[in-house]
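Tertiary structure, described
Below, each chain spelled out in residue letters.
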Amino acid sequence: MPDRKDLQYTAEHEWVLVEDDVATVGITAYAADKLGDVVFVDLPEAGSDIASGSVVGEIESTKSVGELFAPVDGTVTESNQAVVDAPELVNSDPFGEGWLIRVRFEALPELMSFDEYTALVGE
Amino acid sequence: MTHQLPTTDRLSPLNDIHVAAGASFTDFAGWQMPVRYDSDLVEHHAVRTAAGLFDLSHMGEILVLGPEASDALDYALAGKLSAIAVGQAKYSLMLDRDGGIVDDLVVYRTGEDRYLVVANASNREVVAAELLNRCSPFDCAVEDESDNIALIAVQGPRALEILLEVPGIGVPGLAELKYYRAIAGEFGEHALFVARTGYTGENGYELYLSPEVAPALWDAIMETGAGSGLVPAGLASRDTLRLEAGMPLYGHELGLDTQPAQAGLGRVVALGKEGDFVGRAAVEAGAPADARVLVGLQMSGRRAGRAGYAVLSGDATVGEITSGALSPTLGYPIAMAYVDPAASVTGTELTVDVRGTAIPASVVPLPFYSREA
């Protein structure tokens, strides 16, 4: 599991781990906590082209539905089947086994640092 | 991920306890209330299998007292409150002149000339104002005591055995108390009013007492119940529990645009009682024949229909979901929906538009879940 301080963040409460030209994307513990127990996850298939800011998936809890926004332009290389099979991983390990998709990108938009994100959520 | 942060100014007398317990909060009718403490699924299952402890201090409590309190409530509400005995409770409705539902209520007769009317938090002001207005021709007083009464609910199959062991609770007859009955007792030296009522579909008790004493009672129940599987439970689990039990929620299944019969609550309106009551003429006239009616929907898969989603028969929209969730107890999605009468027959196959995907749904009887007797 990566150090949270090494991740980048979006205003939609997603985290992004950049390794070369691949971004691994998940939702933050803050977002998972706000959603409640996640019971259903719908993710884009590998090979899908996604556009930054568009809705590419859903994270559903008993209480509500959260949308997964693409944080970058690119092509999905992998979606996390383990989370589809066991959505509770989003709650139990949001920064680790609860990752959602991997995206190959060409250019990275400006994202938030750990400190900036922490300031945003006030925690 | 987008979220709405609560903008709230009213705090429960138990707020410090919830904060210390690490609860997440939500705004409910202007109150900051616990939505969950840790996991709403764990809290839901605890209520079904052991017990859950709920803070319902946001609910409204309005007293109606005086020699003509019975007559006043028979006029003000849809039920025949004069017919219930002291110590009995009754689920009732407040209607407007058009037969629309102002609020759904539980009314306790606490004395020959005394009633306690419990209103939804979101409707406390309107219910208090309407009661004051409707009862004014009668010899009785209406007092909104909501700020002076806290409410704690213990719900679940182990609720009674836990309450009987809580130090300081002295309620003679508690073990024998029947469903929809209530009795007065004490917690320490303080007055405690215990009702065997609830909103979860399980056996359970609701405890009314002074806000100053509520934290001590909460702590005592938590300590006594911990070994029996009792957990504090938030509003998220309360909502999935009541949905499984087929219980309506004001603002979802009930509202001013809904007549009781549409919501399956025709039996709550006592058309046979003597005299007029607010809404009688409209209810007797009835809703239009094509007015939508409340049904249960059972879906397959794991994607739930949510409030506001369209219900379709073929390509035609025939209704709308008012509450829906993946049922934690049953394992499949359930929903309550208002549908056209033609689509309301049990067994009718419909679909729900879940964000662009048509998911099959069958009309099923309510409730979805009943505890074993």
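Residues numbered from 1 in each chain as written. Chains lettered and ligands numbered in written order. Predicted model: local features only at pLDDT ≥ 70, side-chain atom pairs only at ≥ 80, totals over all residues.

**Focus: the overall build of chain B**
Along its length, chain B carries eight helices and 21 strands. Computed over the C-alpha atoms, the radius of gyration of chain B is 21 Å, within 12% of the 21 Å expected from 2.2 N^0.38 for a compact globule of 373 residues. Each of the three principal axes of chain B carries a C-alpha extent, and together these read 65 × 50 × 40 Å. Counting the 373 residues in chain B, one finds 48% classified as buried. The contacts of chain B with a sequence gap of at least 6 include a subset with a gap of at least 24, amounting to 66%. (Helix = DSSP H or I, 4+ residues; strand = E, 2+ residues; numbered from the N terminus. Rg over C-alpha atoms; globule rule 2.2 N^0.38 Å. Buried ≥ 20, exposed ≤ 12 C-beta atoms within 10 Å, placed from the backbone. Contact = placed C-beta atoms within 7 Å.)

**Observations regarding the interface of chain A and chain B**
In this complex, chain A contributes 17 residues to the contact, which on the side of chain B involves 17 residues. Looking at the side of chain A that touches chain B, the elements with two or more residues in it are α1 (29-35), β4 (38-42) and β7 (65-69) of chain A. Across the side of chain A that touches chain B, the residue classes tally to five nonpolar, four polar and eight charged. (Nonpolar A, V, L, I, M, F, W, Y, C, P; charged D, E, K, R; others polar.)

**Topic: the domain arrangement of chain B**
Residue and element names in this part refer to chain B. Segmenting chain B into domains produces domain 1 (1-253 + 267-286) and domain 2 (287-373). Spacing between the C-alpha centres of domain 1 and domain 2 amounts to 27 Å. With 15 residues of domain 1 at the contact, the number on the domain 2 side is 19 residues. Elements supplying a minimum of two residues to the side of domain 1 that touches domain 2: α2 (40-49) and α7 (235-244). For the side of domain 1 that touches domain 2, the element with the highest residue contribution is α2, accounting for four residues. Grouping the amino acids of the side of domain 1 that touches domain 2 by side-chain chemistry returns four nonpolar, seven polar and four charged. (Domains from an automatic or database assignment.)

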